[in-house]
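Results of the structural survey
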Amino acid sequence: MKVLVDRRDGLTAAADVSVSGVFERGEKETSFPRALADEDTASAGVVRAAWDRKEIRGKRKELTVVHRPNGKGRLLLIGLGPRGRYDAEVARRAAAEAVKGLKGKGARTVGFRLATFVTDTTPSEAVARALVDGAVLGSYEFLRYKSSNDGGVEESTIHLGDDLAREESGLRKAVQEETSIADCVVWTRDIANLPADTATPEQLAEEARALGKEFGLKVTVFDEKKLAEMHCGGLLAVGGGSAHPPRMIVLEYGGGARRGRTVAVVGKGITFDSGGISIKPAASMAEMKFDKSGAVAVLGILRAAATLKVAPRVIGVMACAENLPSGTAYRPGDVARTYNGKTIEVLNTDAEGRVVLSDALGYVVAQYRPDEVIDLATLTGAQVVALGDDTAGLVATDEKLAAGLLAASKATGEPIWRMPLTDFHRELVKSDIADVRNSVELPVAGMLTAAAFLETFVGGTAWAHLDIAGAARTTSTTRRYQPAYQNAGATAFGVRLVTRYLMDAPRS
Ligand code: BES
Ligand code: ZN
Ligand code: ZN
């Protein structure tokens, strides 16, 4: 989607559809709101008539299309709910609902009247960014395997109008920046949505190489031979059952500041998680193609970091393998020796994410001595049980890092919730015969025992773990309850969040 900024009021411009926000009318509110006066004039009184007959009430998700009298163009009024509960996230969802509602309705271009979405408590820049996210992400569809498609909105313009034209240069920069980020999210979704026959570990390496070429990033791919030399026994164990061998992929962005800090971003890249010998039930196995979402998010974050030239140096590590049962697969009872020498007793081959991450975390900490490590992983079903499909779990051993990520979450609307890591969880992952075990007999706090396991491989480095098992994708059921900018399939959760963190977080 192309996104533009225009100084003019949206009603005077010539987009196919001009979109305005409408706040919900109060219980006793009968008079026609002044905020809709321009829309009313443009529609020659139709908007007021619709308001009077309570067709327009401003409820969230309410879409009202009004045709202009000359037949040229339409107005779309989108409900924003009560003023008191409004924030940028409401605008983000509304923009997505608008472009979705217009799909297949002959609207190629839309113009958002920015001023109708701005309030005293939601500044114009945050709202403009939210509208961009909503429009770009809301119109996303995974089309690679579709032979036909109803046309959707192709171009969105953020219209400033008289009041906001004074802020033009700042808003222009914000819109451009946010469009770049949203484009990275779309790019990430396209890869995360690929099925496992196509998105093999080697194919993900190919994507990384191509990205590196385009943006001048250093990309190193460790194949199974090299992984064996490096003693990456975790990746080799998990990938051992598949005809598509494992890869560890490292991407380096040098940083925009001269002596900036180094942030490592590590992702779980299981291209398909059948569970292995501890095989999963058939019911929802198909969605395990999304088990690579953490690693693919790392690709998207590196793309965004390089596009926006963020200050920190960023090292991306993707731990990629396919978890399948076969005669060469790893088994329950096996012990894997990982990159940093620590050993893992494998009790359940379906707890494979932590096993591949052990090598990636051990490697990046030893080789790059980063100031901070952030990992993203579709790690546990327990995360989904605890927090649902919209909110990722955060575990952090560093207060500044946690605070920075929580602030970024607030700004981007990608929800995360911090969970504790205690000695109880650390005790639970100790093994009788190895350093750690990958599964625990007590069916408790599965997200946190997984985190305790990972902590073993980060040592004392400031670390944040994002378990994105639920938020990485929507299913046909959960999709109904999610914001309109989360379409069917991969969400690329974490790309906007971590990119925002890299852009904002001040560090001494
Ligand atoms: N990839 C799954 C976690 C998952 C579950 C992601 C549902 C998305 C949706 C992971 O590898 C897994 O199977 N974890 C096991 C761990 C257990 C065996 C200790 C789980 O959560 O059940
Ligand atoms: Zn698994
Ligand atoms: Zn998995």
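Preceding this section is the structure that the text describes.
Overview of the structure. (Residues numbered from 1 in each chain as written. Chains lettered and ligands numbered in written order. Predicted model: local features only at pLDDT ≥ 70, side-chain atom pairs only at ≥ 80, totals over all residues. Heavy atoms only, no water.)

**Quick word on the side chain of Thr-491**
Condition: Helix numbers and strand numbers start at the N terminus; a helix is a DSSP run of H or I with at least 4 residues, a strand a run of E with at least 2. Polar contacts, as used here, are pairs of N or O atoms within 3.5 Å; protein pairs need one atom able to donate a hydrogen and one able to accept it. Residues neighboring in sequence count only if both atoms are side-chain atoms. Residues count as neighbours in contact if any of their non-hydrogen atoms are within 4.5 Å of one another.
With respect to the secondary-structure elements, Thr-491 resides in the loop between strand S19 (489–490) and helix H16 (495–504). A polar contact of 2.6 Å, which involves the side chain of Thr-491, links it to the backbone oxygen of Ala-471. In this structure Thr-491 touches Val-185, Arg-189, Ala-471, Ala-472, Arg-473, Thr-474 and Gln-486, once residues within four positions along its chain are discounted.

**Looking at the sheet that holds strand S4 (residues 74–79)**
Selection rule: DSSP calls a pair of strands paired once it identifies at least 2 bridges connecting them. Axis lines are fitted to C-alpha atoms, over the contacting stretch for helices. Their N-to-C directions set the angle, which ranges from 0 to 180 degrees.
Across the sheet, six strands lie side by side as S1-S6-S5-S2-S4-S3; this open sheet has mixed pairing. The sheet is open, and its two borders are formed by strand S1 (2–6) and strand S3 (63–67), each paired with just one other strand. For this sheet, the mean inter-axis angle between neighbouring strands, taken without regard to orientation, is 25°. Bridge analysis of S1 against strand S6 (residues 155–159) gives five bridges, and the strand direction is parallel. Pairing of Val-3 across the sheet is with Ser-156, part of S6. Against the sheet, helix H3 (residues 88–101) makes contact with strand S2 (17–22), S3, S4 and strand S5 (109–113), and its axis sits at roughly 140° relative to S4, the strand it touches most.

**A short note on the site of ligand 1**
Here is the rule we go by: For this description, a residue counts as near a given molecule or strand if any of its non-hydrogen atoms is within 4 Å of it. For the area figures, the Shrake-Rupley method with a 1.4 Å probe applies, and any residue is considered shielded solely by the protein chains shown. Three classes are used: nonpolar for Ala, Val, Leu, Ile, Met, Phe, Trp, Tyr, Cys and Pro, charged for Asp, Glu, Lys and Arg, and polar for all others, with Gly counted as polar.
Among the 15 residues in the neighbourhood of ligand 1, the closest are listed as Asp-273, Lys-280, Asp-291, Asp-350 and Gly-381. Contact distances for ligand 1 include 2.9 Å between a nitrogen atom and a side-chain N or O atom of Asp-291. Relative to its unbound accessible area of 520 Å², ligand 1 is 78% covered by the protein chains. Partitioned by chemical class, the residues of the shell around ligand 1 number four nonpolar, four polar and seven charged.

**Looking at the pattern of salt bridges**
Here is the rule we go by: Here, a salt bridge means any side-chain nitrogen of Lys or Arg that lies within 4 Å of a carboxyl oxygen of Asp or Glu. Relative accessibility thresholds used throughout: buried, under 20% of the residue-type maximum; exposed, over 50%; partly exposed, between the two (1.4 Å probe, protein chains only).
One pass over the full model with this rule turns up 40 salt bridges. The partner of Arg-247 in a salt bridge is Glu-202, with the nearest N and O atoms 2.7 Å apart. Of this pair, Arg-247 sits in strand S8 (residues 247–253) while Glu-202 sits in helix H7 (residues 201–215); the two residues are 45 residues apart in sequence, bridging distant segments of the chain. By relative accessible area, which is 10% here, Arg-247 ends up buried. Given the relative accessible area of 29%, Glu-202 is considered partly exposed. Across the salt bridge formed by Arg-437 and Glu-441, the nearest N and O atoms sit 2.9 Å from each other. Among the residues examined, Arg-437 registers a relative accessible area of 14% and is labelled buried.

**Structural notes on the coordination of the zinc ion (ligand 2)**
As a reminder, the rule being used: Donor criterion used throughout: N, O or S atom within 2.8 Å of the metal, extended to 3.2 Å for Na, K and Ca. Water excluded; incomplete-looking sites may result. All geometry calls rest on donor angles, where a four-donor set with angles between 85 and 135 degrees is tetrahedral, four- and six-donor sets with opposite donors more than 155 degrees apart and all others between 65 and 115 are square planar and octahedral, and all else is irregular.
Each protein donor to the zinc ion (ligand 2) is listed here as Asp-273 (OD), Asp-350 (O), Asp-350 (OD) and Glu-352 (OE); together their distances run 2.0 to 2.2 Å. Coordination at the zinc ion (ligand 2) is irregular, judged from the six donor atoms that bind it and the angles of 72 to 167° they form at the metal. All donor residues of the zinc ion (ligand 2) come from one chain, and their arrangement in sequence is D-x76-D-x1-E.

**Some remarks on the sheet that holds strand S9 (residues 262–273)**
With respect to topology, eight strands assemble into an open sheet ordered S7-S8-S10-S9-S13-S17-S14-S15, the strand pairing being mixed. The open sheet is flanked by strand S7 (218–222) and strand S15 (416–418), the only strands paired with a single partner. Adjacent strand axes in the sheet meet at a mean angle of 20°, parallel and antiparallel pairs treated alike. Against the sheet, helix H11 (residues 353–368) touches S7, S8, S9, strand S10 (313–323) and strand S13 (372–377), its axis set at about 155° to S9. Contacting S13, strand S14 (392–396) and strand S17 (462–467), helix H15 (residues 446–458) runs over the sheet at an angle of about 145° to S17.

**Side note on the coordination of the zinc ion (ligand 3)**
Protein coordination at the zinc ion (ligand 3): the donors are Lys-268 (NZ), Asp-273 (OD), Asp-291 (OD) and Glu-352 (OE), at 2.0 to 2.4 Å from the metal. All donors of the zinc ion (ligand 3) belong to a single chain; written as a sequence motif, their spacing is K-x4-D-x17-D-x60-E. Separating the zinc ion (ligand 3) and the zinc ion (ligand 2) is a distance of 3.2 Å, and Asp-273 donates to both of them. One end of the pair, Asp-273, is in strand S9; the other, Glu-352, is in the loop between strand S12 (343–345) and H11, and 79 residues separate them in sequence. Considered together, Asp-273 and Glu-352 belong to a single accessibility category, that of buried residues.

**Topic: the pairing of S10**
The cut-off we apply is this: By convention, orient the strands away from the viewer: a clockwise path from the first strand over the helix to the second makes the crossover right-handed.
With 10 of 11 residues buried, S10 lies mostly within the body of the structure. Pairing of S8 with S10, which is carried by seven bridges, proceeds in the antiparallel orientation. When the sheet's bridge partners are listed, Tyr-253 is paired in S10 with Val-314. Where S9 and S10 come together, 11 bridges link them in parallel fashion. Paired with Val-265 across the two strands is Gly-316, which belongs to S10. Taken together, S9, helix H10 (residues 293–308) and S10 form a β-α-β motif whose crossover is right-handed.

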